[in-house]
Amino acid sequence: MKTLLTLLAGAKFGKVLLTSGTMLLSVITYSFIYGWRYAAGFVGLIFCHEMGHFVAARQRGLDVGAPTFIPFVGAWIQLKEQPMDVETEAYVAMAGPVVGTIAAMGCFYAADFLQSPLLRALAYAGFMLNLFNLIPLAPLDGGRITSIISPKTWWIGAPLIVVLFLWNHSPMLLLLALLSIPHLLSTFRQTGSVMSERYYDVSPSTRWSYATYYLLLAGFLGVMTYETHRAVGL
C-alpha cells in the first residue's frame, strides 16, 4: 500500500511538473520577444483558458490530464476518455473561452484602474485569443461547440482560416488548416451511422441554447477585441 501511494504521489507530482515546466518554457521563450512581464501574463491567460476546460471536464466525470504548453502553439488538456455525447463535448469546449474571457476582463478592468499599458495589452491578447478559438472549425473550441448545431458549420470556419493565413502567413494557421482536413472530410460521413446519430442526438432547445451562448460570447469578444485594439493603439 505504501508503495502504491508513493507511485500515485509521484504521478501527481509528474503532472504538476509537466504543466509548470512547459509553462516556464513558454514564458522564457516569449520573454525573448515580448519581455518577461507580458510573457508571464500571456501564459497566465492561456492557463486560465485551459483550466476552464479542465474543470468542466472534471465536472462531467471525464478523465483529463493537466494542461501542457508549447510555445507559439498554445496549450491543451489531454482528454483520456472522449465525451459520450455532443452536448458534453460542447460544454467542455465552451468552458475554456468563458473562463478565458473572464480572465481577460480582469486585465481590462485592472488596466483602467491602474492605468497600465501592460495590462491593457494583455486584455487585448486575452480577448483576441479566445475570439480566435471560437472560429467554428475543429479542432478549435468553436468547432467543438458548433458541432452541437451541426458539424457542417465547420465549413464556415474553413475559409476564415484561409483568409487569416493569406493575411498573416502564420505557420500555426497552416498547421491548423492541415489538422482540420480530417474533421471537414468527416462531415460527409456523419449521416447513416448509428453511433454518430446517438452522439448528436440532442433536443432542439439544447441546440438553440448553445447556439445562443456561442453567438453572444463571440459577439462580446468581437466588441471587446475592437475596443481594446483601439485603446492599445495597434
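Residues numbered from 1 in each chain as written. Predicted model: local features only at pLDDT ≥ 70, side-chain atom pairs only at ≥ 80, totals over all residues. Heavy atoms only, no water.

A. Spotlight on the packing of helix α3 (residues 86-114) against helix α9 (residues 204-232). Put simply, α3 and α9 touch, their axes get as near as 11 Å, and they point 25 degrees apart. The pairing of α3 with α9 is recorded here as roughly parallel in orientation. Along this stretch, α3 crosses α9, giving a crossing that reads as left-handed. Of the residues in α9, those touching α3 at Glu87, Ala90, Tyr91, Met94, Pro97, Val98, Thr101, Met105 and Phe108 are Thr206, Tyr210, Tyr213, Tyr214, Leu217, Phe220, Leu221, Met224 and Thr228. (Axes fitted to C-alpha atoms, helices over the stretch in contact; angles between N-to-C directions. Helix = DSSP H or I, 4+ residues; strand = E, 2+ residues; numbered from the N terminus. Parallel < 35°, antiparallel > 145°, perpendicular 65-115°, else oblique. Left-handed = near helix turned anticlockwise from the far one by under 90°. Contact = heavy atoms within 4.5 Å.)

B. Looking closely at the environment of glutamate 50. Relative to the assigned elements, glutamate 50 resides in helix α2 (residues 36-59). In sequence terms glutamate 50 and tryptophan 76 are 26 residues apart; their C-alpha atoms lie 6.4 Å from each other. When residues no more than four places from it in sequence are discounted, the contact partners of glutamate 50 are Pro67, Ala75, Trp76 and Ile77.

C. How the structure looks around the environment of phenylalanine 42. Tracing the backbone through its elements, the reader meets phenylalanine 42 in helix α2. Judged by relative accessible area, which is 17%, phenylalanine 42 ranks as buried. Remark: the alpha-carbon pair of phenylalanine 42 and alanine 104, spanning 62 residues in sequence, is separated by 9.9 Å. The contacts of phenylalanine 42, once residues within four sequence positions are left out, are Tyr30, Leu122 and Ala125. (Buried < 20%, exposed > 50% of the residue type's maximum accessible area, 1.4 Å probe, protein only.)

D. Representation of helix α6 (residues 154-168) within the structure. Here α6 is 15 residues long and its end C-alpha atoms lie 21 Å apart, about the 21 Å a rise of 1.5 Å per residue gives. Of the positions making up α6, those classed as buried are Trp154, Gly157, Ala158 and Ile161. Seen from one end, α6 has its buried residues packed into an arc of 115 degrees, which puts them on one side. With respect to the buried face of α6, the exposed residues turned more than 90 degrees away are Ile156, Val163, Leu166 and Trp167. The inward-facing, buried residues of α6 contact α4 (117-133), α5 (141-146) and α7 (171-186). Positive phi shows up at histidine 169, right after α6, with a value of about 55 degrees. (Expected span 1.5 Å × (residues − 1). Arc of directions from axis to C-beta.)

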